[in-house]
Amino acid sequence: MADIKKIKTPLDAATVESLRAGDQVLISGVLYTARDTAHKRMVDALDRGEKLPFDISGQVVYYVGPSPAKPGKVIGSAGPTTSYRMDAYAERLMEKGMKGMIGKGMRDKKIIDAMKKHKCVYFAAIGGAAALIARSIKSAEVIAYDDLGPEAVRRLEVVDFQAFVINDVYGGDLYEIGKAEYKSAV
Amino acid sequence: MRTITAEAVTNAVREMVVGANTNLGADVLAAFRKGAKEEKSPVGRAVFETLILNAEIARDEKVPICQDTGMAVFFVELGQDVHIEGGLLQDAIDEGVRRGYADGFLRKSICDPFTRANTKDNTPAVVLVELVKGDGLKIIAAPKGGGSENMSRLTMLAPSAGKKGIVDFVVKRCEEAGSNPCPPVIVGVGIGGSAEKCMTLAKKALLREIGSANPDKELAELEAEILQKINALGMGPQGLGGTVFAMAVHVEKHPCHIASLPLAVNISCHASRHKETRL
């Protein structure tokens, strides 16, 4: 396992190309949240020829529906949701310039191929470590689809948000690498 | 006949849903500590340490362990000599869910299956009632996250598939689930009954103390065999590679039709949340 890399969003081409499956990263900057229904609405908007609710170029989308913030807190618990449900929409967002996705769980082969084509990286945060992850989120603001509650699109500012590179732009896949390394080790 | 008020049920449910979502059980924490020692992958061990830290933060700050505070599922054992006064049991439980999810800052995750419109109070709860002897009322709150629940499967095997067919299906299901259900997981397995009974058995198996062997020796051996085979796949904590993908496999069985061998898999994420109250 490589040293922990500190990266900043929005992601530039050099950063995207420097990442490899298996890298541990600390992400700082802005993340945009979106999960199931927000993705559907965004892609429906693109289908109608409308703009996305934010400029996605170079940005990282975090698949999360946080719990409500307690008084005095910027956000509630905020760990990743399972990513495959966004596979139906992700390539459309890559076409608009999305450079990173954060979630958990395996992606469809067509999305992994699209990531190579569009130079987009897939990160996983630790699923279920939501109270801890919330500590790296310094601000949260709903910017679209407020009616969706936990599924609304939020703009987050994060500092040292922990994640693993699962799929890099060269076809590397940490889930496959890790599994092969420990298969039958029991 | 003993009378229990709907309000008492509501109050108990409110406490349990908040408690279950913020305070992880001692058996789960013990399983994390065991995993942190036994896992062969350094990253995997770090995942276990992270989960312990996360549980401590949730407990100390009274915030949800996971942002997915689940669909509110209840297993109720209702004594036949009990009368619930002041409302329906379902309504009393729903009201407890409504109050607990609001007061505890828990996420409301329930929506219409077609419009996807959120009900905004995490109701309705799923309430599974079993009538039992006596005048007691036992309620177990078992909120269940969507990521792990989505990995559930039911299959109606041919009886000829036998134990080998059962083991193969469960192991394959876990391999396909991979990192989706937030490993290290607990695998609930139901064998027998009818289709709906079988899945209920699988989910109920998740309520057992983690790693407690089944008192039935044959089932205990089956649990050990499946656990060994799942972990030999190498997926590990969070699917990042390692030797402890599953912390436990719990199997329950029930007699079934001569034509059938029903098999259900219900996986719990590492945040195995349940609280119990007796009224």
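Just so it is clear, the structure is predicted and the values come from calculations on it, not from any experiment. (Residues numbered from 1 in each chain as written. Chains lettered and ligands numbered in written order. Predicted model: local features only at pLDDT ≥ 70, side-chain atom pairs only at ≥ 80, totals over all residues. Heavy atoms only, no water.)

A word on the overall build of chain B
Within chain B, the secondary structure is distributed over 8 helices and 10 strands. Taken over the C-alpha trace, chain B has a radius of gyration of 19 Å; the compact-globule value for 279 residues is 19 Å, and the two agree within 12%. For chain B, buried positions account for 57% of its 279 residues. Surface exposure of chain B reaches about 11,400 Å², of which carbon and sulfur atoms provide 56%. (Helix = DSSP H or I, 4+ residues; strand = E, 2+ residues; numbered from the N terminus. Rg over C-alpha atoms; globule rule 2.2 N^0.38 Å. Buried < 20%, exposed > 50% of the residue type's maximum accessible area, 1.4 Å probe, protein only. Areas by Shrake-Rupley, 256 points an atom, 1.4 Å probe, with all protein chains shown as cover.)

Regarding the state of the cysteines
Formally, a disulfide is one covalent bond, and it connects the sulfur atom of one cysteine to the sulfur atom of another. All names here are of chain B. Evaluated as defined, the whole model comprises 0 disulfides over all chains. Here C174 is not cross-linked by a disulfide; its sulfur's nearest cysteine counterpart is in C269, at 14 Å. Taking relative accessible area as the criterion, C174 reaches 0% and is therefore assigned buried. Not part of a disulfide, C182 finds its nearest cysteine sulfur in C269, a span of 6.1 Å. (Disulfide = S-S within 2.5 Å.)

Brief notes about the packing of aromatic side chains
Residues and elements named next belong to chain A. Scanning the entire structure with this criterion turns up 3 aromatic pairs over all chains. When the centroid spacing of 4.0 Å and the interplanar angle of 10° are considered together, the rings of Y32 and F54 count as stacked. Of this pair, Y32 sits in strand β2 (residues 24–33) while F54 sits in the loop between α2 (36–47) and β3 (60–62), and the two are 22 residues apart along the sequence. No difference in accessibility class separates Y32 from F54, as the two residues are buried. Its guanidinium or amino end placed over the ring of Y145, R41 lies 5.3 Å from that ring's centre, counting from NZ or CZ. (Phe/Tyr/Trp six-rings, centres within 6.5 Å; stacked < 30°, edge-to-face > 60°. Lys NZ or Arg CZ within 6 Å of the ring centre and 35° of its normal.)

Some details on the packing of helix α3 (residues 87–95) of chain A against helix α4 (residues 109–118) of chain A
All names here are of chain A. The N-to-C vectors of α3 and α4 enclose an angle of 10°; their axes lie 10 Å apart at closest approach. The orientation of α3 with respect to α4, classified from their angle, is roughly parallel. Between α3, through D87, A90, E91, M94 and E95, and α4, the contact on the second element is made entirely by K110, I111, A114, M115, K117 and H118. For the contact of α3 with α4, the class distribution of residues is 5 nonpolar, 1 polar and 5 charged. (Axes fitted to C-alpha atoms, helices over the stretch in contact; angles between N-to-C directions. Parallel < 35°, antiparallel > 145°, perpendicular 65-115°, else oblique. Contact = heavy atoms within 4.5 Å. Nonpolar A, V, L, I, M, F, W, Y, C, P; charged D, E, K, R; others polar.)

Structural notes on the domain arrangement of chain B
Residues and elements named next belong to chain B. Segmenting chain B into domains produces domain 1 (2–20 + 65–143) and domain 2 (146–271). Distance between the C-alpha centres of domain 1 and domain 2: 26 Å. Of the residues lining the interface, 8 residues belong to domain 1; the matching set on domain 2 comes to 7 residues. Roughly 570 Å² of surface becomes buried between domain 1 and domain 2 when both sides are summed, with 72% attributable to carbon and sulfur atoms. The tally of links between domain 1 and domain 2 comes to 1 salt bridge. At the level of secondary structure, the elements contributing two or more residues to the side of domain 1 that touches domain 2 comprise β2 (73–79) and β4 (126–132). Classifying every residue of the side of domain 1 that touches domain 2 by side-chain character gives 6 nonpolar, no polar and 2 charged. (Domains from an automatic or database assignment. Buried area = accessible area lost by both parts, 1.4 Å probe. Salt bridge = Lys/Arg side-chain N within 4 Å of Asp/Glu carboxyl O.)

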